[in-house]
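Each chain is listed here by its residues.
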Amino acid sequence: MTEDSIASRPLLEQVRSGDGVPAHIAIIMDGNGRWAGERGWPRFMGHREGMKSVRRVVTGCLAMGVGHLTLYAFSKENWARPAEEISALMKLLSEYVEREKQELAEKGVRVKVIGDRSRLSPAALVSVDSIEAATTGGDRLVLQLAISYGSRDEILAAARGLAVRCAAGELEPLEITETSFSEALFTAGSPDPDLLIRTSGEMRVSNFLLWQIAYSEIYVTPVLWPDFGEVDLYEAVLEYQRRERRFGRVTR
Ligand code: FPP
């Protein structure tokens, strides 16, 4: 057990005895650059440290019994960053895969990568394929890594896919429902996130899971991603448990 796990134990107990654990948590991991900048280090060091937070949130989700976790690791907009930073992020992805895939598989985590794979380098594609193949049997937690991901692109691709099926006579336009539309997205098979967490205090959704977060509770913390650990995750879930989810209805 890690130090973080020991320190966060009482909060974990509180979550377990609280009112419902989210089935799906989505996280916008932000603040790596600032974390590194505060130390006078290159941005890449923030991303490297951020990988440890990824480990901690996976541990936390397994401990709570959360079945789906989606992490925004690299947005479509991130392709506009300096080539050096993009290449560092892609190397980190390969490192993450090599370091974690076996343990993830042993712990029952199934990794799925969502996003536009056509822009990934051959090496990054090999990593993505290898972690998906190694973890395909995982049945405790689905870990969706959003890489080269943009939600508007995802929605457009789903709409086009359904339009093509209509044009081919396989589907009637009126048969397109919220359920069938959801199943045409990259996240098919996962419930909508109950809780969306964003670190580093920014109040934006940044083209992340726009369709899927229609009714999600949003939790923004000032903590920078590399400092985010199990305690922060459980605090977010405790806050979620305190909220009254109405889905547009009146409850009293
Ligand atoms: C945002 O911080 C973070 C990213 C663009 C990358 C997130 C990547 C990781 C946590 C590491 C890799 C993870 C996996 C799963 C392989 P920012 O750079 O925008 O920070 P800033 O807003 O402070 O500049």
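Colleague: Teacher, can you tell me more about the site of the ligand here?
Modeller: In the vicinity of the ligand there are 18 residues, among which Asp 30, Gly 33, Arg 34, Arg 43 and Arg 81 approach most closely. One nitrogen or oxygen atom from the main chain of Asn 32 is found 3.2 Å from an oxygen atom belonging to the ligand. Arg 81 is positioned with one of its side-chain polar atoms (N or O) 2.8 Å from an oxygen atom of the ligand. In this structure the site holding the ligand corresponds to the largest pocket. Sorting the residues of the shell around the ligand by element identifies helix H2 (32–38), helix H3 (43–64) and helix H4 (83–106) as the ones contributing at least two each. Sorting elements by how many residues they give to the shell around the ligand places H3 first, with four residues. Its residues assigned to classes, the shell around the ligand shows eight nonpolar, six polar and four charged.

Colleague: Looking at this model, I keep getting lost on the pairing of strand E1 (residues 24–28). Mind explaining?
Modeller: As a general feature of sheets, a regular strand has side chains that alternate between the two faces. In terms of residue burial, E1 counts as a mostly covered element, since five of its five residues are buried. Burial of the side chains of E1 extends over both faces: His 24, Ala 26 and Ile 28 are buried on one face and Ile 25 and Ile 27 on the other. Here E1 runs beside strand E2 (residues 68–75); their pairing, made up of five bridges, is parallel. Across the sheet, the residue bridging to Ile 25 is Leu 69, located in E2. As judged from the four bridges shared by E1 and strand E5 (residues 195–198), these two strands associate in the parallel manner. Note on E5: the bridge partner recorded for Ala 26 is Leu 196.

The rules behind the values
Once a new chain begins, its residue numbering starts again from 1 and follows that chain's sequence as written. Reporting of local features is limited, given that this is a predicted model, to residues whose pLDDT is at least 70; pairs of side-chain atoms are given and counted only at 80 or more, and all residues count toward the totals for whole chains, interfaces and linings. To get the side-chain values, take all heavy atoms of the structure and skip hydrogens and water. We call a residue near a molecule or strand whenever a single non-hydrogen atom of that residue lies within 4 Å of it. Nitrogen and oxygen atoms within 3.5 Å of one another constitute a polar contact, given that in protein one can donate a hydrogen and the other can accept it, and given that sequence-neighbouring residues count only through two side-chain atoms. Definitions used for this entry: grid spacing 1 Å over protein atoms alone; cavity, a set of points where a 1.4 Å probe fits but cannot get out; pocket, an open set with protein on both sides within 12 Å along at least 5 of 7 lines; lining residue, one with an atom within 4 Å of a point. Each molecule is checked against the cavity or pocket grid, and it sits inside if more than half of its atoms lie within 2 Å of the grid points. The way it works is that DSSP assigns letters per residue, a run of H or I at least four long becomes a helix, a run of E at least two long becomes a strand, and they are numbered from the N terminus. Any residue outside Ala, Val, Leu, Ile, Met, Phe, Trp, Tyr, Cys, Pro, Asp, Glu, Lys and Arg is labelled polar, Gly included; the first ten of those are nonpolar and the last four are charged. Burial here depends on accessible area, computed with a 1.4 Å probe over protein chains only, as a share of the maximum for the residue type. Under 20% is buried, over 50% is exposed, and the range in between is partly exposed. We treat two strands as partners when DSSP finds at least two bridges between them.

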